[in-house]
Structures are given as C-alpha cells and as structure tokens.
Amino acid sequence: MVMGSIMKIQKETAEPANLSLASSGILSAQNVDVFYGDQQAINNVSFEIPENQITALIGPSGCGKSTILRCFNRMNDTIDICKVTGDIRFAGQNIYDPKVDVVALRARIGMVFQKANPFPKSIFENVAYGPRIHGLASSKDHLEEIVISSLKRAGLYKEVADRLQESGTGLSGGQQQRLCIARAIAVDPQVILMDEPCSSLDPIATAIIEELMESMKQNYTIVIVTHSMQQAARISQKTAFFHLGDLVEFGDTEAIFTNPIQTRTQNYISGRIG
Amino acid sequence: MPDYTLTTSENLQRRHAAEARFRWIGRLAVLLSLGFLVLMFFSISTRGMGAFGQTHIQLEIHFDEAMLDPNKQRDPQQLARANYKPIVNQALFELFPEVQTRRAQRSLYRLLSSGAVFDLANMAGQNPDLVGSTQLLWLPASAEVDLFMKGKVDVSLEEKLRRLKNNEIAWINQLKVKRQIRKKFNTAFFTKGDSREPELSGILGAMIGSFLSLLVCFSIAFPVGVLTAVYLEEFAKKTRFTDLIEININNLAAVPSIVFGLLGLSIFLGVFHMPRSTPLVGGLVLALMTLPTIIIAARAALRSVPNTIREAALGLGASKVQTTFHHAVPLAMPGMLTGTILGMAGALGETAPLLMIGMVAFIVDVPQGITDVATSLPVQIFLWADSPEKGFVERTSAAIMVLLAFLVLMNLFAVFLRRKLEKQW
Ligand SMILES: Nc1ncnc2c1ncn2[C@@H]1O[C@H](COP(=O)(O)OP(=O)(O)OP(=O)(O)O)[C@@H](O)[C@H]1O
Ligand SMILES: [Mg+2]
C-alpha cells in the first residue's frame, strides 16, 4: 500500500531526471552545499545510497555527517539559518520540489537521533504516535498489533511486554534507543536515518542494535552515522568518509577499509586524524 | 617536594569566614522578610477579626396580623414590603417598659440596626405562616452597640463626645445581664453587598465582582496569551519584526496599571460604549494588563521544552501544528498555567485600572452577571478604608483578610496544578 502511493507520486513528477533511478540508489545527493548562515558545512557533495543496504557515514567530529544526514528528510528545514542547495532525490524525486509534502517525505524516511528522545508518554503511546497521525491503523486492535510488531522488530518487546503503559523515559539508555527505533519503524518507512544510535550505549546494547540493523536490512535502507570504524566495518556495505564538509571517499566498505584511495581516508582509518 | 598538608591555612580560614558571614547575612534577610510578613498578618488579623462577629439582640417579635397583613391574604410579596418598624420598636419597648419620654424611646430604638427590619421582611416573605405568631429572634444590633460590645468605645470619655450615651450603655448592660445580647458569627458579611451602615455591609458583592472580572480576564488573556506565545515561539521566523514585538511585550509588562485603566476608559467605554462599572469592562482591562505576563511565562515554558522532543515528532512526519499541540504545548502547560495564575493573582489585587472605568461606585446589589454594575475586592477595601464610620475600620481589615485568602488559594491552586500536570509525563 505504501509502495503504491510512492508509485503514484512518481508518475505525477515525471521528469527526465528519473532516468538516474535505474542505475543508482534510492537516495541520491548531487552537488549539495549546506550553509549555516555564512558558514559552509557541506561542500559540493554527491553520492548515491543503495536500496536495502546499510550505508555508513564516518568522519571526524564536526565534518558534517549529521548535517548531510538531516538533509535527506529535510530536518534542516527546522533550523532557520540553515540553507541547502543542490539536488537531493528520493526514489528519483527531488525532495525540495514544491510539490513534495515534507510530512509525506518524513513518513517515508524515518530518523533515529543521536540522543535517544522518547516522548514523555507511555511506551505504547511512543510507538503508536506515528501510525496514529498517519492514520495507518484501521482499529484499536490493529494499532496494538502495529505497536507490538514494531517493538518486536526493534528487539524490545520481551523487556517491556508487561509495562507498555509505563513512561518511555523510564527505560534505560539502550532500551530508549531501541524504543526510538521501534517508533521509527512503526510508520513503515523505506529509509531509516540513524545518527550515531550507539554513541551512548555499552557494548552489549550496541550489539543488540547492530543485530537489529542486520535483520532490518532486507526491508529497509539504513543510513548510519557512526564514530566507530569497527562498527562501520562490521555492519555496512557502503561507507562514505567525510572530512571538513567534503565527501572524501565513497565506496564499498570492504574497499574503503582495506584499500583506501585517498590519503585523508588512510590517515583517518589508521587513527591519524579525528 | 609536593605539599601534602591537610590542615587549615590562613587563606582557607579566610574563605571559611567569608562563607559563614554570607550564610548569616542570608539568614538575617530571610528572618527580616518573614518578620515583616508575620507583622502584617498579625496587625491585619487583630484588627479584622472583630468583623467576623456581629452583636445581636434577642427580641420577642410579635408578627401582628393587623399591622402586617390586614387583608389576611398572606401574599409573600406584600409581606416582604410591609412595615416592620412598629413591631420591632414594640418589642424593644416591651423589654424596657420604664422608658417613657419620646426622646429616650428614640434612642432605645436605635439600639437595633436599621437593617433588622429587612431581615424580618425577608423571613415573613419566605414564610407567610409566621404572621400572627410570636418568635424569639436574634436581630443585628447597631454599629455603635457592636463597637461597644467589642470594647471599642471609650466610656471614660465625656458623654457629649460619645455617640453612645450613658442611658444606652445602661440598657446594653441590662441586656447583658439578661443574656439577651451577644456576638454571633457575622453571616451578613459574607452574604450581603455594600451598605452605608457598617453592620449591614458585606463583602459578597465585591467577591462576586472580583470573580466575574477574573473570569472575563482569564477567558480572554489565557487563550490569546498562549496562542501568541505559541505563534511567536514555534511558528514565527526570528526577524527584526519579531524582535520588535518581543521588546514591546516586555515593555507592556512594565507599564503602570493605571495606564491600562485609561486605555480601557477611552476604548471600551469611549469607543465601544460598553456598560460602565461592569466586570465585563473590568475583566477586559485586567486581561490587557495580564496579557504580557502570560505571554512571557508561556514563551519561557515553551522554550524549556527540549528541542529533541520536537525533532522526534517532526522526524516521524508530524506536521508543525501536530508537533506543537501534541507535544510542545502539553509539556509547557504546567509552566503556562502557573504563569497565568500568578498573573491573575496580580490582577485580583489591582485597584487603579478599575477606578478608571468606574468600578469604584457605591453598589449595594450583588452582581448577577458580567454586565451588572459591580465593584471588586481591592476597590471595596479602598472604599471602606475611606469611610468615616468607625465600624468600617475592622471591616476594611476583614476584607483584606478575605483578599489575602483568595490570593493564597490561587497560589496553592497553581502549585497543585503544576504538581498534578507534571506527574502525568
Ligand atoms: N544548528 C547549527 N547552527 C550552526 N552551525 C551548525 C549547526 N549544526 C551544525 N553546525 C556546524 O556545521 C558543521 C557540521 O556539523 P555536524 O553536526 O554536521 O557535524 P558532525 O559530523 O555530525 O559532528 P559530530 O560527529 O560531532 O556529531 C560544524 O562545524 C558545526 O559547527
Ligand atoms: Mg553529529
């Protein structure tokens, strides 16, 4: 059903640029510049994110990973001073096209934030909120079904099954992050953008989330920002290395970690910059 | 060689001394302000307590049919309008049959409040069967008698300088011996409007007037203030224009309240010809006055909602309005309500703007709606404090106590709301 509506939008925006879809990924960025006021945070970045794979964005702090990630679901719209230029496409459609409804875009492209940010409501309400505002559930039972299956897919259900009515903010950090993942997948997006989802988690919680991403890969396209090179190497198929707002290198994860072409990439993955 | 000393040094001791000094100054400040507070409460309550009691005299009232209802119709309306003065005077005369001269009788009849007849008229009007019967009733004494019973008449003064003469004091003392005079709880104070006679005046009219004004004030200032704050904080782009608005709102919060009264006078009364002296106009003026306070409080409350919550909602595909009203506003609500109630408490104590729009008039009737003429608690206090009758002195303090009780209640309500709403994550 969701795919159906996407197809419809595609038909409406019949542009020649659609040609690029055949060869490339579900998300694409072409010549993207991002400015915060006068300061440029992203310099002329172009790359394609393949469907149903995990793409990792790595780079030293402040290089613009979060900034580029937030471009894909137009979260940067909420920052007054932020200006994005260039061409960003989701399934071939320019997401800055005036015809594009940003609400629909964000329903297709979900986001998990660096710091777990559950709503100060019950666990159930946290997950149910998305389906409710998008009218995805036909009945109360259906809504409950969506909530439970989302919690299960996020690997959280067993731990919270008997306290769905308790506050989401009362969970541990790792549980909160998985709650946020469950909340994101409850709206059934095609892409999930994750901004350092494991930055505040211990190795066990991290492992759970990595496993989760591994299992979600078949159904979702995942873009993950991470500071841990091991994590990028473990879970991703593609890796993009950013430095000072430039996309230095982008390619298969294997290649980037074993045989980087750029010296800046070499220096970073060997720990000489960062 | 590294320094391992743990014992105190001169420098450290100086720092400790400074700390102790500061602590004592702080304690002194708290003590001083508490002291003033206690002093204020003490002086007001010792002066005002008296007003909660009112001297009553027990009389045997004969509801004489021939005098009250010569046509034997028992018509309540007619009974309420009948003249009860003769039967009251008769009852007093029966108590002191030895009083014979006209002049003495007139001063005897003055022992009782002139309002006693209205009490009887009400009773007979509500219960026509009383006619023909004889009842033992407690009726309010006059203000002079009341003051004497409360020990506020200086009997050592020369008789000429006193309003209460020696013979009247003698009668009161006789009544005391017969236990037919005593202080009772002053229900009239809480059930009546203003009056020229201290013993007949009550605070209900002013209380209702204040309540209705605050109701109008709240129902305008709260929605307008909150929506303004929401718009400015969540929707408006930060431009020079919104900066200008912000500065102006902050300035408005500091404008003396009488200016708002003048504004109300010229706009609501002058241009829109709204009814003068009414809670409607009073509430509108108070709303203008509290609006900036509410806007500032609501904006601060919204600003304290973490942005991550908004991002979470937007990231799920909630629209701006949904994000605002599903998440930001409910989370900010406790702060908004607290700010609003504190603003309203300020409005409750406001006198100056109400004087400008005519709520200072002498009004006997208890207002029934927002378009009835009314006064308000602080204005009533102002009016009574200005009255020459001695009986109003304690009523002024009693009215202040009622006002303070209202303020305390409102503030407690604010605390309660905050606790309650905050718990509901
Ligand atoms: N809201 C903002 N306003 C102004 N400048 C910003 C804003 N957000 C980010 N920047 C700037 O943009 C640049 C890139 O920031 P970004 O958050 O994308 O870095 P990052 O790669 O995610 O860093 P980290 O790994 O520390 O999260 C930084 O120089 C930062 O100072
Ligand atoms: Mg970041």
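This one's a predicted model, so the numbers in the text were calculated from it and none came from an experiment.

(A) Representation of the environment of Ala374(B) within the structure. Residue and element names in this part refer to chain B. Relative to the assigned elements, Ala374 resides in the loop between helix H16 (352–356) and helix H17 (377–385). Judged by relative accessible area, Ala374 falls into the buried class, the value being 1%. Put simply, Ala374 and Gly282 are 92 residues apart on the chain and 9.3 Å apart in space, counted from C-alpha to C-alpha. Discounting chain neighbours no more than four positions away, the residues touching Ala374 are Gly209, Ser277, Pro279, Met359, Ile363 and Pro367.

(B) Region of the structure containing the sheet that holds strand S2 (residues 134–140) of chain B. Residues and elements named next belong to chain B. Taken in spatial order, the three strands of this open sheet run S2-S1-S3, and their pairing is antiparallel. At either margin of the open sheet sits one strand with a lone partner, and together these are S2 and strand S3 (181–185). Within this sheet the neighbouring strands show an average axis-to-axis angle of 40°, counted without direction. In the sheet, strand S1 (residues 53–62) pairs with S3 via five bridges, with the strands oriented antiparallel. Bridged to Ile57 within S3 is Ile181.

(C) Quick look at a positive patch on the surface. All names here are of chain B. A cluster of basic residues, Arg102, Arg103, Arg106 and Arg110, forms a positive patch at the surface. Checked against the element boundaries, Arg106 lands in helix H5 (residues 102–109). For Arg106, a relative accessible area of 53% gives the class exposed.

(D) A look at a nonpolar patch on the surface. All names here are of chain B. Among the surface-exposed residues, Val30, Leu34, Leu37, Met40 and Phe41 lie close enough to one another that they form a single nonpolar patch of about 430 Å² accessible area. For Leu37, the position within the fold is in helix H1 (residues 10–48). For Leu37, a relative accessible area of 42% corresponds to the partly exposed category.

(E) Structural detail: the domain arrangement of chain B. Residue and element names in this part refer to chain B. Its domain assignment divides chain B into domain 1 (54–184) and domain 2 (204–421). In this structure, domain 1 and domain 2 have C-alpha centres spaced 46 Å apart. Residue-level contacts link five residues of domain 1 with four residues of domain 2. Buried surface at the junction of domain 1 and domain 2, summed over both partners, amounts to about 370 Å²; 37% is from carbon and sulfur atoms. Our enumeration of links across domain 1 and domain 2 arrives at two salt bridges. With a closest N to O distance of 2.9 Å, Lys152 and Glu394 form a salt bridge. Here the residues of the side of domain 1 that touches domain 2 are counted per class, giving one nonpolar, one polar and three charged.

(F) Structural context of the side chain of Lys65(A). Residues and elements named next belong to chain A. Within the secondary structure, Lys65 is located in helix H3 (residues 65–72). Although Lys65 is buried, it makes no salt bridge; Glu196 carries the closest opposite charge, 4.8 Å away. Within polar-contact distance, the side chain of Lys65 engages the backbone oxygen of Pro60 at 3.2 Å. Every residue in contact with Lys65, bar those within four places of it in the chain, is listed here: Leu57, Ile58, Gly59, Pro60, Glu196, Val225 and His227.

(G) Main features of the pattern of salt bridges. All names here are of chain B. Tallying each qualifying case throughout the model produces 23 salt bridges over all chains. Of the charged contacts in the structure, one is a salt bridge between Asp119 and Lys192, with a shortest N-O distance of 3.7 Å. Of this pair, Asp119 sits in helix H6 (residues 116–126) while Lys192 sits in the loop between helix H9 (187–191) and helix H10 (204–235), placing them 73 residues apart in sequence. According to the relative accessible area criterion, Asp119 is partly exposed, its value standing at 24%. Relative accessible area serves as the criterion here: at 30%, Lys192 is assigned to the partly exposed category. One network of salt bridges, in which partners are shared, links Asp146, Lys150, Lys152 and Glu394.

(H) Broad picture of the environment of Leu164(A). Residue and element names in this part refer to chain A. Relative to the helices and strands, Leu164 is located in the loop between helix H7 (157–160) and helix H8 (173–186). Leu164 sits in the buried class, given a relative accessible area of 13%. Along the primary structure Leu164 and Asp97 are separated by 67 residues, whereas in three dimensions their C-alpha atoms are 40 Å apart. Beyond its immediate sequence surroundings of up to four residues, Leu164 is in contact with Ser122, Ile123, Phe124 and Leu151.

(I) Quick look at unusual backbone geometry. Although it is not a glycine, Glu196(A) sits at a positive phi angle of roughly 45°. Relative to the assigned elements, Glu196(A) resides in the loop between strand S7 (191–195) and helix H9 (203–216). Of note, the phi angle at His273(B) is positive, near 55°, even though the residue is not glycine. Relative to the elements of secondary structure, His273(B) occurs in the loop between helix H12 (257–271) and helix H13 (279–303).

(J) Structural view of the confidence of the model for chain B. Confidence along chain B averages 90 in pLDDT terms, with 99% of residues attaining 70 or more. For this predicted complex, the interface score ipTM comes out at 0.86, while the overall pTM is 0.83.

(K) Seen up close, helix H8 (residues 166–177) of chain B. All names here are of chain B. The terminal C-alpha atoms of H8, which comprises twelve residues, lie 17 Å apart, in line with the 16 Å expected from a rise of 1.5 Å per residue. Taken as a whole, H8 has its buried residues at Glu168, Ile169, Trp171, Ile172 and Leu175. Buried residues of H8, viewed axially, fall in a sector of 160°; they line one side. Lining the buried residues of H8 we find S1, helix H4 (85–95), H5, helix H7 (143–149) and S3. Two residues or fewer past H8, Arg179 is found with a positive phi of approximately 55°.

Scoring rules and cut-offs
- Counting from 1, residues in each chain are numbered in the order their sequence is written.
- The order in which chains are written sets their letters, starting at A; the order in which ligands are written sets their numbers, starting at 1.
- Since the coordinates come from a predicted model, pLDDT governs what is reported: local features require at least 70, and pairs of side-chain atoms require 80 or more to be given and counted, while whole-chain, interface and lining totals use all residues.
- The basis for every side-chain value is the complete set of non-hydrogen atoms in the structure, without hydrogens or water.
- Note on conventions: DSSP H or I runs of at least 4 residues are helices, E runs of at least 2 residues are strands, and numbering of each starts at the N terminus.
- Here's how the labels work: a residue is buried when its accessible area is under 20% of the maximum for its type, exposed when over 50%, partly exposed in between, all with a 1.4 Å probe on protein chains only.
- We call two residues contacting when some pair of their heavy atoms lies within 4.5 Å.
- Between any two strands, pairing holds if DSSP finds at least two bridges.
- Axes, fitted as lines to C-alpha atoms, cover a helix only where it is in contact. Angles between the N-to-C directions of the axes lie from 0 to 180 degrees.
- Each patch is assembled from residues with relative accessible area greater than 30% and no salt bridge, linking like charges that lie within 9 Å and nonpolar side chains (Val, Leu, Ile, Met, Phe, Trp, Tyr) that lie within 5 Å.
- Working definition of accessibility: Shrake-Rupley area with a 1.4 Å probe, residue cover restricted to the visible protein chains.
- A side-chain nitrogen of Lys or Arg and a carboxyl oxygen of Asp or Glu constitute a salt bridge if their distance falls within 4 Å.
- This count recognises Lys and Arg as positive and Asp and Glu as negative, with His and chain-terminal groups excluded.
- To locate a charge, take atom NZ for lysine, CZ for arginine, CG for aspartate or CD for glutamate.
- Where each domain starts and ends follows an automatic or database-derived domain assignment.
- Two parts lose some accessible area (1.4 Å probe) when they are put together, and adding that loss for both gives the buried area.
- Three residue categories are used. Nonpolar comprises Ala, Val, Leu, Ile, Met, Phe, Trp, Tyr, Cys and Pro, charged comprises Asp, Glu, Lys and Arg, and polar comprises the others, including Gly.
- Counting of polar contacts relies on pairs of N or O atoms within 3.5 Å, with two restrictions inside protein: one atom must be capable of donating a hydrogen and the other of accepting it, and residues adjacent in sequence are counted only when both atoms are side-chain atoms.
- Summary of the metric used: pLDDT quantifies the predictor's per-residue confidence within the range 0 to 100.
- Here the expected length of a helix is defined as 1.5 Å per residue gap, with one fewer gap than residues.
- It is the directions from the helix axis to the C-beta atoms whose arc is reported.

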